[in-house]
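Observations on the model geometry
Each chain, letter by letter, is given below.
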Amino acid sequence: MTSGDYIVRAIRAEEWQAVKRLRLVALRDPVADIAFLESYEDALGRPDSFYQERAARSAQEPSGARQFIAEAADGEWAGSVTVLVEEAGSTDWAGVPVERRQGHLVGVFVRPEHRGGGLIKALFDAGVAWAREQGAERVRLLVHEGNARAQGAYRKAGFVPSGVLVPFVKDEAENELEFVLEWPSRARA
């Protein structure tokens, strides 16, 4: 998939070092403390094998997770999103029951110098298409109630608040809002 001067694609297993580099850049973002559950120091301290395994799992078929990146013309990774498949009847990481097979977007990040041109939507389009191929009936994401910049970007990409609130893992006095993108279900034969 192309979006302007970018190629949006799934990562390859051998690109684990680029996965690690982009994650570390993301965790230096000014809102990283409310946008990501992991700290820069924690990510930096992980062994290379962690990133190697993460990249290999994302690249394998079939997979319950897929990481997509936006690659600029100069080869720089401008942004990323990971899609997790959540199965109906399971519970998510926060203990909330999953009612239907769905995609869950996590690790959303676009480098500041690449923001504002629709790159998040292009990344989301790739992730949503993959989730649909996996049989997802909808896609969701969680965003901190205080992260207005991200909320605006997600709305612009077609996601809407569902009304579900999840206590923020780092401070239960704060909440994350669930945003969803749903499509009409196919008629059952």
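In what follows, the accompanying structure is described. For every chain, the first residue of the written sequence is number 1, and numbering continues from 1 onward in sequence order. Side-chain atom pairs in this predicted model are given and counted only at pLDDT of 80 or more, local residue features only at pLDDT of at least 70, and totals for whole chains, interfaces and linings cover all residues. Heavy atoms from the whole structure form the basis of all side-chain values; hydrogens and water molecules are not counted.

As for the pairing of strand β8 (residues 171–182)
Pairing between strand β6 (residues 138–144) and β8: 7 bridges, direction antiparallel. In the sheet register, Arg140 faces β8, and the bridge partner there is Val180. As defined by bridge partners, strand β7 (residues 160–168) adjoins β8 across 6 bridges and the pair is classed as antiparallel. Pairing of Pro167 across the sheet is with Asn175, part of β8. Two strands are said to pair when DSSP picks up at least two bridges between them. Each helix is a run of DSSP H or I of at least 4 residues and each strand a run of E of at least 2, with the numbering of both proceeding from the N terminus. Here β7 folds back onto β8, and the loop between the two strands holds 2 residues.

A look at helix α6 (residues 148–156)
Accessibility here uses a 1.4 Å probe with only protein chains present; expressed as a share of the type maximum, an area under 20% marks a residue as buried, one over 50% as exposed, and anything in between as partly exposed. Three or more residues of α6 are buried, namely Ala150, Gln151 and Tyr154. The arc enclosing the buried residues of α6, seen along the axis, measures out at 100 degrees, which places them on a common side. Looking at α6, the residues exposed on the side facing more than 90 degrees away from the buried face are Ala148 and Lys156. Check the buried side of α6 and you find it contacts β5 (102–110), α5 (119–133), β6 and β8. Here, the arc refers to the directions that run from the helix axis to the C-beta atoms. Two residues form a contact once any of their heavy atoms are found within 4.5 Å.

Observations concerning a nonpolar patch on the surface
Patches in this entry comprise residues that are over 30% relatively accessible and not in a salt bridge; like charges within 9 Å are linked, as are nonpolar side chains (Val, Leu, Ile, Met, Phe, Trp, Tyr) within 5 Å. The accessible surface values rely on the Shrake-Rupley method and a 1.4 Å probe; as for residues, cover is taken only from the protein chains in view. Just to be clear on terms, a salt bridge is a Lys or Arg side-chain nitrogen sitting within 4 Å of an Asp or Glu carboxyl oxygen. Taken together, Leu37, Trp93 and Val169 make up a surface patch of nonpolar side chains, about 300 Å² in accessible area. Relative to the helices and strands, Val169 is located in the loop between β7 and β8.

Things to note about unusual backbone geometry
Of note, the amide linkage connecting Glu61 to Pro62 takes the cis form, showing an omega dihedral of -15 degrees. In this structure, Pro62 sits in the loop between α4 (48–59) and β3 (65–72).

Some points on the packing of aromatic side chains
By convention, a stacked pair of Phe, Tyr or Trp rings (six-membered ring in the case of Trp) has centres within 6.5 Å and planes under 30 degrees apart, an edge-to-face pair has planes over 60 apart, and any other such pair is tilted. Throughout the structure, instances matching the rule amount to 4 aromatic pairs. Ring geometry for Phe124 and Tyr154: centres 5.6 Å apart, planes at 35 degrees, overall tilted. Taken as a pair, Phe124 in helix α5 and Tyr154 in helix α6 lie far apart in primary sequence, 30 residues in all. Judged on exposure class, the residue Phe124 and its partner Tyr154 are both buried. A centroid spacing of 5.3 Å and a plane angle of 65 degrees characterise the contact between Phe124 and Phe159, whose relative ring orientation is edge-to-face.

What to know about the nonpolar core
Ranked by size, the top nonpolar core spans 32 residues in total, and within it Leu105, Phe124, Leu141, Tyr154 and Phe159 carry the most contacts. Those elements giving two or more residues to this core turn out to be β2 (6–10), β3, β4 (77–86), β5, α5, β6, α6 and β8. At 9 residues, the largest contribution of residues to this core is made by α5. Other than its neighbours up to four places away in sequence, Leu141 contacts His104, Leu105, Phe124, Tyr154, Phe159, Leu177, Glu178 and Phe179. Buried residues of nine kinds, namely Ala, Val, Leu, Ile, Met, Phe, Trp, Tyr and Cys, make up a nonpolar core once their side-chain atoms join them within 4.5 Å.

Let's talk about the environment of Ser58
Relative to the helices and strands, Ser58 is located in helix α4. Put simply, Ser58 and Thr82 are 24 residues apart on the chain and 8.7 Å apart in space, counted from C-alpha to C-alpha. Not counting residues up to four positions away in its chain, the partners in contact with Ser58 are Ile11, Ser63, Ala65, Arg66 and Gln67. In protein, a polar contact means a hydrogen-donor-capable atom and an acceptor-capable atom, both N or O and within 3.5 Å, with residues adjacent in sequence counting only if both atoms are side-chain atoms; elsewhere, any N or O pair within 3.5 Å suffices. Here the side chain of Ser58 touches Gln67 through a polar contact of 2.7 Å, landing on its backbone nitrogen.

A closer look at the pattern of salt bridges
In this structure the tally under the stated criterion is 18 salt bridges. Taking the shortest distance from any N to any O, the salt bridge between Glu14 and Arg12 comes out at 3.7 Å. Of the residues examined, Glu14 reaches a relative accessible area of 58% and is grouped as exposed. For Arg12, a relative accessible area of 40% puts it in the partly exposed group. Across the salt bridge formed by Arg101 and Glu87, the nearest N and O atoms sit 2.7 Å from each other. Highlighted residues: Arg101 in the loop between β4 and β5 and Glu87 in the loop between β4 and β5, separated in sequence by 14 residues. Here Glu87 falls in the partly exposed class, since its relative accessible area comes to 37%.

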